[in-house]
Amino acid sequence: MPDGPPDTFPVGVYLLPAAIQAASRRRRSRRVDNYQLVVEAIDALRAEPPDLVARRHAGPMQREDSLFPPRHGASTTAAAARDGRRLWSFQATEADTNVIDDLVDATGARSRSELISCALEAHPLPRHRR
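Residues numbered from 1 in each chain as written. Predicted model: local features only at pLDDT ≥ 70, side-chain atom pairs only at ≥ 80, totals over all residues. Heavy atoms only, no water.

A. Fine view of helix α1 (residues 17–30). For α1, with 14 residues, the first-to-last C-alpha span of 20 Å sits near the 20 Å given by 1.5 Å per residue. Restricting attention to buried positions, one finds in α1 the residues A19, I20, A22, A23, S24 and R26. Those residues of α1 that are buried are in contact with β1 (9–15), α2 (34–44), β2 (86–92) and α6 (112–122). (Helix = DSSP H or I, 4+ residues; strand = E, 2+ residues; numbered from the N terminus. Expected span 1.5 Å × (residues − 1). Buried < 20%, exposed > 50% of the residue type's maximum accessible area, 1.4 Å probe, protein only. Contact = heavy atoms within 4.5 Å.)

The following block contains the structure:
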């Protein structure tokens, strides 16, 4: 019996409402799914996630070049709610999450959600055509 496609499961990501709207527009205009948007954003910003995550951890009150380490007081969910982020999801395989988890470890992100939201929110969005 031939192997079918690998099993997928939903992965939740907390995104800013503007990023969700931009992702929805991009998904419809390019006829892709949320997974493809995640892959595109991470691949496009391959060298940047550590910096993006560090800026997120520094928060709005601490300078990016501060001599002091950032404090990680709030959970990812609490920080997302404070920042107005909303839950968004995509389908991933176990192999996909292994890659993402390796990137989480390499960048110092607190979670898959934080890593992916940093990439999606920083990924250049297509300009509107008028």
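We are not done yet, so read on.
B. How the structure looks around the side chain of D96. Relative to the helices and strands, D96 resides in helix α5 (residues 94–107). Buried within the structure, D96 lacks any salt-bridge partner; R112 is the closest side chain of opposite charge, at an N-O distance of 10 Å. There is a polar contact of 3.2 Å between the side chain of D96 and the side chain of Y35. In this structure the side chain of D96 is engaged in a polar contact, spanning 2.8 Å, whose partner is the backbone nitrogen of T93. (Lys, Arg positive; Asp, Glu negative; His and termini not counted. Salt bridge = Lys/Arg side-chain N within 4 Å of Asp/Glu carboxyl O. Polar contact = N/O pair within 3.5 Å; in protein donor to acceptor, adjacent residues only side chain to side chain.)

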